[in-house]
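Now for the letters of each chain:
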Amino acid sequence: MFDSKKPDSKSEITPINTNALSATLICPITQQIFFDPVSSTSCGHVFEREAITEWRSTKNECPCCRKNIAGLCDSPITNNFVELAVTANPQLQNDRYFKMKMLETALHENNKIKLDKLIKILKSSDYLNAISEEKGFTGEPALTELTAYSMGRLALSNDETLREHINEIGLNAILQEGRYRGTSALYWLAGQPEGRALFTKDEKLVAKITAEGLNSIRQEGEYRGISALYWLAGNPDGRALFTKDEKLVAKITVEGLNSISQEGEYRGTSALYWLAANPDGRALFTKDEKLVAKITAEGLNSIRKEGVEQGTSALYWLADNPDGRALFTKDEKLVAKITAEGLNSIRKEGIEQGLSALYWLVVNPEGQALLSKDEKLVAKITAEGLNSIRREGEHRGTSALYWLIANPEGRKLLLEKNHLVNLIDIDTLMTVIPDGPYKGQSAYQCLRESVEGKELLKNNPMLQLKIDRWKGNPNQLFTSPKPSEPDSKKTQSPLPKPPVT
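Our subject in this report is the structure included herewith. Please read all numbers here as calculations on a predicted model, not as lab measurements. (Residues numbered from 1 in each chain as written. Predicted model: local features only at pLDDT ≥ 70, side-chain atom pairs only at ≥ 80, totals over all residues. Heavy atoms only, no water.)

### Quick notes on the overall build of the protein chain
- Regarding its fold elements, the protein chain presents 35 helices and three strands.
- Of the contacts made within the protein chain by residues no fewer than 6 positions apart, 66% connect residues no fewer than 24 positions apart.
- Taken as a whole, the protein chain presents about 22400 Å² of accessible surface, with 51% of it coming from carbon and sulfur. (Helix = DSSP H or I, 4+ residues; strand = E, 2+ residues; numbered from the N terminus. Contact = heavy atoms within 4.5 Å. Areas by Shrake-Rupley, 256 points an atom, 1.4 Å probe, with all protein chains shown as cover.)

What follows is the structure in structure tokens.
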């Protein structure tokens, strides 16, 4: 038998009082007012299209007269009668037949006429936010279906009355099954420009965002590991919401902030990554110690696996900027979360190719100060991070090793930490900077011309022996042409759009 329950799991359908309303408005199967009436070509009895279609899948006879149903055809007379009735009595929209599948079909087919009829039902009932029990849509409010399609988001954008019907349940309800498990209406709005524009102009809608909805992680598909928070953090209009709303920032959880994208072009990134990579995001950490405390070692050090910024991490962007380095200066617990992988990971492409978080620390006084006072951090330096050479930009040819040796604090560190000297690559030590303000210099020259450097060479005969035996070309790394189109420093690509259902 056809399941005549509404998506609202808390209530069952109440049959309409047929004494007060013409029976021609009501489907004999659903006992609800018609939405899409069709008639049997055999006997003329009228039914809701989906209801009679499901009925015929078990027995092909009219539920009213038992005649065999040869076929179905539209019933425009009944449809017109219904539309006249609900226009004169808008409250009747609440009793019209509604199925999530009908909404999905209207959205998928861009059927504006049918969608407009469905929206009238949504505005006069609890269907918009009610959790569905319908097969294939279990746990999903109609709002989620609307927000997953551009046509539905446009309807929300253009209809303030419809938006006013959104409640916390509908906006934040998490799908519990299927390929979109972990997503919500909030997820789909946050992932699209027109969705974020809704939040920008509607503070009441922003206030309905819950911590659960904001931080829920998508469990399946190309965007596995991503949340509504991720989409907001990855876009300027999304970050602007956090900038002006401290209550929204307070709803960020440890899981949401640090969850790592598992697939696609942005694999290895997180909401933390995008906040750390942009000035407005770093400003949030500067003024909110509680948010900083939510940073985990995994989120801080996770390496981006794809794209022009492959090899970077949240740590990389914090180390690269004064406001980021200031966080480490005043927070020893944050420094302790730095891993060897995050500290030494090398950027693979772009104008900063060859650089690492270590590079940005040693090239700046506050970073050098961190290394000078933290033996555990120094112990995490690897040969790769120390010796990787910058391939592009104004300081092409420099390395973390060069900047250590070029500064008194760095040379002092090498004198005190003999294991660092053992990590020195002789080619990097001898590399001559080919152009820019330090043209013609090398790390080796800085050693020879400084008191600490001479002492270091004196105390390390093995290093001196390697230098004496070195037969390389000091400019060998710069004989090949530069890449034709290096990316511009700090240009963050907009995040990809989540696919529609």
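### Focus: the packing of aromatic side chains
- Within the structure shown, the criterion is met by 16 aromatic pairs.
- Their ring planes at 20° and their centres at 4.5 Å tell us that Phe98 and Tyr127 sit as a pair that is stacked. Of this pair, Phe98 sits in the loop between α2 (76-88) and α3 (100-108) while Tyr127 sits in the loop between α4 (112-123) and α5 (142-147), placing them 29 residues apart in sequence. Taken as a pair, Phe98 and Tyr127 share a single burial class, namely buried.
- Ring centres of Tyr359 and Trp360 lie 5.4 Å apart, and the angle between their planes is 85°; on these two criteria the pair is classed as edge-to-face.
- Using a relative accessible area of 9% as the deciding quantity, one classes Trp360 as buried. (Phe/Tyr/Trp six-rings, centres within 6.5 Å; stacked < 30°, edge-to-face > 60°. Buried < 20%, exposed > 50% of the residue type's maximum accessible area, 1.4 Å probe, protein only.)

### Observations concerning the sheet that holds strand β1 (residues 37-40)
- Ordered in space as β2-β1-β3, the three strands form an open sheet in which the pairing is antiparallel. Looking at strand neighbours, the two that pair on one side only are β2 (46-48) and β3 (72-74), the edges of this open sheet. When strand polarity is set aside, the average angle formed by the axes of neighbouring strands in this sheet is 40°.
- Inspection of the sheet shows β1 paired to β3 by three bridges, in the antiparallel sense. Bridge pairing links Ser39 to Cys73 in β3. (Pairing = 2+ DSSP bridges. Axes fitted to C-alpha atoms, helices over the stretch in contact; angles between N-to-C directions.)

### Digging into the environment of Phe35
- Within the secondary structure layout, Phe35 lies in the segment before β1.
- Along the primary structure Phe35 and Glu50 are separated by 15 residues, whereas in three dimensions their C-alpha atoms are 9.8 Å apart.
- With residues up to four places along the chain from it excluded, the contact list for Phe35 reads Glu48, Asn79, Arg96, Tyr97, Met102, Lys114, Lys117, Leu118 and Ile121.

### Things to note about α3
- Taken residue by residue, α3 has Met100, Met102, Leu103, Glu104, Ala106 and Leu107 as its buried positions.
- Where α3 is buried, its residues touch α1 (49-56), α4, α5 and α6 (150-158).
- Just downstream of α3 lies Asn110, where phi reads positive at about 55°.

### Re the side chain of Asn258
- Tracing the chain through its elements places Asn258 in helix α16 (residues 254-258).
- Owing to a relative accessible area of 5%, Asn258 belongs among the buried residues under this scheme.
- Polar side-chain contacts of Asn258 include one of 3.0 Å to the backbone nitrogen of Thr296.
- Ignoring any residue separated from it by four or fewer positions in sequence, one finds Asn258 in contact with Ser270, Leu272, Lys294, Ile295, Thr296, Gly299 and Leu300. (Polar contact = N/O pair within 3.5 Å; in protein donor to acceptor, adjacent residues only side chain to side chain.)

### As for the packing of helix α30 (residues 408-416) against helix α34 (residues 451-459)
- Closest axis-to-axis distance for the α30/α34 pair is 9 Å, and the angle between their directions is 15°. Classed by the angle they form, the pair α30 and α34 counts as roughly parallel. Here α30 runs over α34; the crossing is left-handed. Between α30, through Pro408, Arg411, Leu414 and Leu415, and α34, the contact on the second element is made entirely by Glu452, Gly453, Glu455, Leu456 and Asn459.
- Its residues placed into classes, the contact of α30 with α34 shows four nonpolar, two polar and three charged. (Parallel < 35°, antiparallel > 145°, perpendicular 65-115°, else oblique. Left-handed = near helix turned anticlockwise from the far one by under 90°. Nonpolar A, V, L, I, M, F, W, Y, C, P; charged D, E, K, R; others polar.)

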